[in-house]
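Structural overview for review
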Amino acid sequence: WLPNGVDFELFHQALEPNDALPADMAGVPGPVIGYAGWLGYQIDVPLLLRVADRYPDCSLVLVGPDELPPSAAKDELRARPNVFFLGRKDRAELPAYLRAFDVALIPYALDGHVLSIYPLKLHEYLAAGRSVVSVKLPELRPYADVVRLAETSDEFVNGIATALHDHSPDAIARRVNIARDNTWDARVAELHRILDARL
C-alpha cells in the first residue's frame, strides 16, 4: 500500500513571501483558519461552527467546491460573519491560498470509511509550512510531532489557539522536511522498487 504524496515544488511556493494573495482574500481579515479541499459529507460541520464561534476575531476560510449536504448546521455556518466560502480553485492556485492560512484544518467526521483516510492535503499543508490541526485519523498518528491530532472536539478547538502561534522557523522546517520525504516522485520510486523485486 502506498499513501498519498505531494507535488512538493508546487505547494512549497506558499512559503515564497513576495507573492501576492488572491484577490478574494484581500478583504478577509486575519488571522486565518483555513481548509482547502472538497467540502462534502466527510466534513464535520458542527465542529467548524464551534471553531467559528470560538474564534470570532479570526476568519474561517473554506476553499473548495461546496457539496456539503443540506442541513441547519450548514445554514448556520454560512450565516457566520467570520466564515468565508471561496469555492473551487484550480490546483495551481492553491499555494496562494495556503500562504494566507495561519492554521490549516483537517476537520473530518470520524465515521465510516473516513477512519481509513490518508488525506491528500496532509503533505500539501506541510509542504506549505502550515501549522496543522486535525481530528485523530489513524493514518496520521505517525505525524503527531508535526500535526496536532485531536481526539475530541474540545481538543480540536483548543488546539487551534496554540497552532495560531506555531510559526517558528524550526517548526516550519520540520513540516517541510516531512513533506519533502513524501513526494509523488518518492511514491513512484517505491512502486518501482516493489515491481522490480517481483518482475
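Rules used in this analysis
Residues numbered from 1 in each chain as written. Predicted model: local features only at pLDDT ≥ 70, side-chain atom pairs only at ≥ 80, totals over all residues. Heavy atoms only, no water. Pairing = 2+ DSSP bridges. Helix = DSSP H or I, 4+ residues; strand = E, 2+ residues; numbered from the N terminus. Axes fitted to C-alpha atoms, helices over the stretch in contact; angles between N-to-C directions. Contact = heavy atoms within 4.5 Å. Phe/Tyr/Trp six-rings, centres within 6.5 Å; stacked < 30°, edge-to-face > 60°. Buried < 20%, exposed > 50% of the residue type's maximum accessible area, 1.4 Å probe, protein only. Lys NZ or Arg CZ within 6 Å of the ring centre and 35° of its normal. Polar contact = N/O pair within 3.5 Å; in protein donor to acceptor, adjacent residues only side chain to side chain. Salt bridge = Lys/Arg side-chain N within 4 Å of Asp/Glu carboxyl O.

**Some thoughts on the sheet that holds strand β1 (residues 32-36)**
Judged by pairing direction, the sheet is parallel, and its 6 strands sit side by side in the order β3-β2-β1-β4-β5-β6 without closing on themselves. The open sheet is flanked by β3 (83-87) and β6 (147-150), the only strands paired with a single partner. Direction aside, the axes of adjacent strands within the sheet are offset by 25° on average. As judged from the 4 bridges shared by strand β4 (residues 103-106) and strand β5 (residues 131-135), these two strands associate in the parallel manner. In the strand pairing of β5, Ala 104 is matched with Val 132.

**Here's the deal with the side chain of Asn 82**
The topology assignment puts Asn 82 in the loop between α3 (72-79) and β3. Those residues in contact with Asn 82 that sit more than four places away from it in its chain are Ala 52, Tyr 55, Pro 56, Cys 58, Ser 59 and Leu 60.

**Topic: the packing of aromatic side chains**
Using the criterion set out here, one finds 3 aromatic pairs in the structure. Measuring from centroid to centroid gives 6.3 Å for Tyr 118 and Tyr 143, while their planes differ by 80°, and the two rings are edge-to-face. Pair noted here: Tyr 118 is in the loop between β4 and α5 (121-127) and Tyr 143 is in the loop between β5 and β6, with a separation of 25 residues, a long-range link. Here Tyr 118 and Tyr 143 have matching classes, each one buried. Cation over ring: Arg 78 sits above Phe 85, and NZ or CZ is 4.0 Å from the ring centre.

**Section: helix α2 (residues 45-54)**
Count 3.6 residues to each turn of an α-helix, and residues three or four apart come out pointing the same way. Looking at α2, one finds that the buried residues are Val 45, Leu 47, Leu 48, Leu 49, Val 51 and Ala 52. For α2, the N-terminal capping position is held by Asp 44, with its side-chain oxygen 3.1 Å away from the main-chain nitrogen of Leu 47.

**Here's the deal with the pattern of salt bridges**
For side chains of opposite charge, pairing can occur when their charged atoms come near one another. This model, assessed by the stated rule, comprises 11 salt bridges. Across the pair Arg 50 and Asp 154 runs a salt bridge whose closest N-O atoms are separated by 2.7 Å. Separated by 104 residues along the polypeptide, Arg 50 in helix α2 and Asp 154 in helix α6 (residues 153-163) bring together distant segments of the chain. The class for Arg 50 is partly exposed, based on a relative accessible area of 35%.

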